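Spelled out from the first residue to the last, the chains are:
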Amino acid sequence: MARYNYDLPSDLIEKVRAKGPMVVATLNEKGGVGKTTLTFQICVHLAEAGLKVLAVDLDPQGNLTKTTLRYGELQHDRVFSDVDIDRANSMTIFSNANERVKPVPVSDNLSLNTGNTNLVALMGIQHDLLLELDEYLARQTEFDVMIIDCPPTPGNHVTAAAMAADYVLSPANADEYSSDAIKNVVKTITRFKRKYNPGLNLLGVILNDVDNSSKIKKDYVELMRGEGADPDEFYFGIRDKIFETRLGKRVAFQEAQTVGMPITRYQRGNAADEMYSFLQELLTRLSKEEA
Ligand SMILES: Nc1ncnc2c1ncn2[C@@H]1O[C@H](COP(=O)(O)OP(=O)(O)O)[C@@H](O)[C@H]1O
Ligand SMILES: [Mg+2]
């Protein structure tokens, strides 16, 4: 049964607002697991629920930028000039011109730092410049939640995001490679906590694109939820970090992205129900003192 009301609970929204500003990095070294899709959906839903949200595109592919600008154009009648898009460029954050970087507003509550192929140059940048993202986000005090969409490749983009973030959110598929990738995410967080950012925590792993008809996928869901695992096994150790909600393989997620819409407004049904349930869990975790 599809839900009819997708309003996010206002008490959770208020708790997150009271606790913020907070920075979430969407990380997983595997491509195509839903990082950009989920980052976009989280941003538009939280913004429409009243939080001030900044989306930061750190991926040279610029997919989050494309979808978010489309959301501004189609849902909020915004017109973006090349100057506004350029001034918001995430790559400029890592230069000595970073004082003039300004997020581009895409709706009353959502702003964006844009990504494009320039971000490839981050690969070759001096390591100490990577801290500029942390300093830049610390200056963006008007936002409650800031979300950084990372490319899958390990390296400077991920380093900059992990130095700036409070939380890592990791979308994963239920398969062998994703299972390995989550182990790497946890290793990365442990290393960053020790070396650069003691405040960094894993917010959670969201199983995405789960095909319930596949036996192998079901087995991986069980494995990654630590069901029946021994206490010394990796997935037993992080079992409270796996979100209860699983997002199914649903074409509506893709369609909503294509038209730049929050899924709960795009179409009532399973995809919207699942996203709503995930967002409630996400807000609950974000509103707690520690994740
Ligand atoms: N739950 C889902 N069901 C169906 N398609 C999905 C789902 N999640 C993501 N996709 C699609 O998979 C592709 C890759 O997703 P994307 O968010 O770009 O991954 P990433 O940013 O991790 O590389 C996109 O075409 C997206 O629309
Ligand atoms: Mg992506």
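Residues numbered from 1 in each chain as written. Chains lettered and ligands numbered in written order. Predicted model: local features only at pLDDT ≥ 70, side-chain atom pairs only at ≥ 80, totals over all residues.

Going by the annotation in an unreviewed UniProt entry, the name recorded for the protein chain is AAA domain-containing protein, with Thalassospira mesophila given as the source organism.

Asker: Tell me about the overall build of the protein chain, residues and numbers included.
Answerer: Along the backbone of the protein chain there are twelve helices and eight strands. Relative to the globule expectation of 19 Å for 291 residues, the C-alpha radius of gyration of the protein chain, 18 Å, shows essentially globular dimensions. In terms of overall dimensions, the protein chain has C-alpha extents of about 55 × 45 × 35 Å along its principal axes. Buried positions account for 48% of the 291 residues belonging to the protein chain. Restricting to contacts in the protein chain with at least 6 residues of sequence separation, those with at least 24 account for 77%. (Helix = DSSP H or I, 4+ residues; strand = E, 2+ residues; numbered from the N terminus. Rg over C-alpha atoms; globule rule 2.2 N^0.38 Å. Buried ≥ 20, exposed ≤ 12 C-beta atoms within 10 Å, placed from the backbone. Contact = placed C-beta atoms within 7 Å.)

Asker: Break down the site of ligand 1 for me, citing the residues and quoting the values.
Answerer: Around ligand 1, 17 residues are found, and the nearest of them are G34, K35, T36, T37 and Q254. Looking at the shell around ligand 1, the elements that each hand over two or more residues are helix 2 (35-48), strand 7 (201-210) and helix 10 (251-258). Looking at the shell around ligand 1 residue by residue, the classes come out as four nonpolar, nine polar and four charged. (Near = placed C-beta within 6 Å. Nonpolar A, V, L, I, M, F, W, Y, C, P; charged D, E, K, R; others polar.)

Asker: Go over the packing of helix 1 (residues 10-19) against helix 12 (residues 270-287), please, and point to the residues and values.
Answerer: Taken N-terminus to C-terminus, the directions of helix 1 and helix 12 make an angle of 35°; their axes are 8 Å apart at the nearest point. Pair helix 1 / helix 12 crosses with left-handed handedness. Here helix 1 contributes L12, I13, K15, V16 and K19 to the contact with helix 12, which in turn contributes L283, T284, L286 and S287. Each residue belonging to the contact of helix 1 with helix 12 can be placed in one class, and the counts come to five nonpolar, two polar and two charged. (Axes fitted to C-alpha atoms, helices over the stretch in contact; angles between N-to-C directions. Left-handed = near helix turned anticlockwise from the far one by under 90°.)

Asker: Which residues make up the sheet that holds strand 3 (residues 104-105), and what are the values?
Answerer: The strand order 3-4-2-5-1-6-7-8 describes an open sheet built from eight strands, whose pairing is mixed. Since the sheet does not close on itself, it has two edges, and those belong to strand 3 and strand 8 (242-248), each with one partner. With three bridges joining them, strand 1 (residues 22-26) and strand 6 (residues 167-172) adopt parallel strand pairing. Paired with A25 across the two strands is V168, which belongs to strand 6. (Pairing = 2+ DSSP bridges.)

Asker: Provide a residue-level description of the packing of helix 5 (residues 132-139) against helix 6 (residues 156-164), including the pertinent values.
Answerer: In contact at an axis separation of 8 Å, helix 5 and helix 6 are set at 40° when each is read in the N-to-C sense. Considering the angle they form, helix 5 stands oblique to helix 6. Here the hand of the crossing between helix 5 and helix 6 comes out right-handed. Between helix 5 and helix 6, the residues in contact are L133, D134 and L137 and A160, M163 and A164, respectively. In the contact of helix 5 with helix 6, the residues fall into five nonpolar, no polar and one charged. (Parallel < 35°, antiparallel > 145°, perpendicular 65-115°, else oblique.)

Asker: Lay out the nonpolar core in plain terms, naming residues and giving numbers.
Answerer: Counting 87 residues, the largest nonpolar core has C43, V53, I148, A161, A165 and V168 as the members making the most contacts within it. At eight residues, helix 12 tops the list of elements feeding residues into this core. The residues touching V53, leaving out its near neighbours within four places in the chain, are C43, L46, A47, N109, L110, F143, D144 and V145. (Core = buried A, V, L, I, M, F, W, Y, C linked by C-beta atoms within 7 Å.)

Asker: Residue-level account of unusual backbone geometry, with values.
Answerer: Backbone phi values are negative for most residues with the exception of glycine, while trans is the configuration of most peptide bonds. Following G20, the chain continues to P21 via a peptide bond in cis, the omega torsion being 0°. With respect to the secondary-structure elements, P21 resides in the loop between helix 1 and strand 1. At D77, a position not held by glycine, the phi torsion is positive, near 50°. Note on placement: D77 falls in the loop between helix 3 (63-76) and helix 4 (82-87). By C-beta crowding, D77 is classed as exposed, having 8 other C-beta atoms within 10 Å.

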